[in-house]
Amino acid sequence: MAGLLQRVEGVNWHTRREIQSALREHYKEGFSAGPPPVPWPNELRGSGGRGYTLPKLQELFASDIPRSEDVVAATIPEKLADRKGDEYLYIQMDLADRSKNEPVMVHQSSKAGRRWWMFEDALYVTTDQDLTTDDVAALIHEAQNTRRLRLAKAHAVAAMSRELDAKAKRQPIPRDVKIAVWQRDGGRCVECDSNQNLEFDHIIPISLGGANTTRNLQLLCESCNRRKGASLG
């Protein structure tokens, strides 16, 4: 994993009441429906931490869950789970409330050396076992500030590009200005005196604030105009 801390994207959150409702719907025809399609609290797991127990399911169905005892189940990306099938973390609701003020470690994986932290409704994972709560808070704020600075820079570049594009939009040169420039330059390139493939050239480019005026226009042949453009680049 790159860096000390990673924000876990793609997390789905479930309250215990939502799990209870989904289980009731899944088993409405009986308990032969197979494993439930939703995460279920740890106390419902059978021996070895797998499967589920019928008495616990029945108890869950029959109970009203006080708000103070509610939990949040976080479904995490499979690639971050210790093993396939372990994509669920269970977090006490009071911890979720605490995490609005400071990062709270909600799970520790001894196998993968990961620690899971919750802060401001987001889930983070670290691999350094020595990080303190203050360390994690500092890393989160650093990541947030880096993101804000990158966005501010991107917006500034986009605004500058839009401004340059607007300046670069050429307005048609008025016919009377063309006639005046042609007569002044004698219908020849001001650089090489050619009268072939002539073009109206802006002495100060439009993109740099130049205007369609006789003072800012001159006749150049195609070759001289290209050489001028190359020297400006």
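Now for a description of the structure that goes with this document.

A look at the overall build of the chain
Okay, step 1: Looking only at helices and strands, the chain has 6 helices and 9 strands in total.
Okay, step 2: Considering the chain as a whole, with its 233 residues, one finds that 34% of them fall into the buried category.
Okay, step 3: Within the structure as shown, the chain displays about 14,800 Å² of accessible surface, and the carbon and sulfur contribution to it stands at 50%.

Let's talk about the nonpolar core
Okay, step 1: In terms of nonpolar packing, the biggest core is built from 10 residues, these being Val 8, Val 11, Ala 74, Ile 76, Val 104, Val 106, Trp 116, Met 118, Leu 123 and Val 125.
Okay, step 2: Those elements that place two or more of their residues in this core are strand 5 (104-109), strand 6 (114-119) and strand 7 (122-126).
Okay, step 3: By size, the runner-up hydrophobic cluster in this structure holds 9 residues, among which are Trp 117, Ala 122, Tyr 124 and Val 136.

Remarks on the sheet that holds strand 5
Okay, step 1: Strand order in the open sheet formed by 4 strands is 1-7-6-5, and the pairing between neighbours is antiparallel. Each of the sheet's edge strands pairs with one partner strand only, and the pair in question is strand 1 (5-7) and strand 5. Between one strand axis and the next, the sheet turns by 25° as a mean value, whatever way the strands run.

Focus on the pattern of salt bridges
If the charged atoms of two oppositely charged side chains come close together, the side chains can form a pair.
Okay, step 1: Under the criterion given, the structure shown has 4 salt bridges.
Okay, step 2: Between Glu 9 and Arg 7 there is a salt bridge whose closest N-O contact spans 3.8 Å.
Okay, step 3: Judged by relative accessible area, Glu 9 falls into the exposed class, the value being 55%.
Okay, step 4: Relative accessible area serves as the criterion here: at 45%, Arg 7 is assigned to the partly exposed category.
Okay, step 5: For Asp 185, the salt bridge identified is with Arg 184, shortest N-O distance 3.0 Å.
Okay, step 6: Under the relative-accessibility criterion, Arg 184 is labelled partly exposed at 45%.

Rules behind the numbers
- Residues numbered from 1 in each chain as written.
- Predicted model: local features only at pLDDT ≥ 70, side-chain atom pairs only at ≥ 80, totals over all residues.
- Heavy atoms only, no water.
- Helix = DSSP H or I, 4+ residues; strand = E, 2+ residues; numbered from the N terminus.
- Buried < 20%, exposed > 50% of the residue type's maximum accessible area, 1.4 Å probe, protein only.
- Areas by Shrake-Rupley, 256 points an atom, 1.4 Å probe, with all protein chains shown as cover.
- Core = buried A, V, L, I, M, F, W, Y, C linked by side-chain atoms within 4.5 Å.
- Pairing = 2+ DSSP bridges.
- Axes fitted to C-alpha atoms, helices over the stretch in contact; angles between N-to-C directions.
- Salt bridge = Lys/Arg side-chain N within 4 Å of Asp/Glu carboxyl O.

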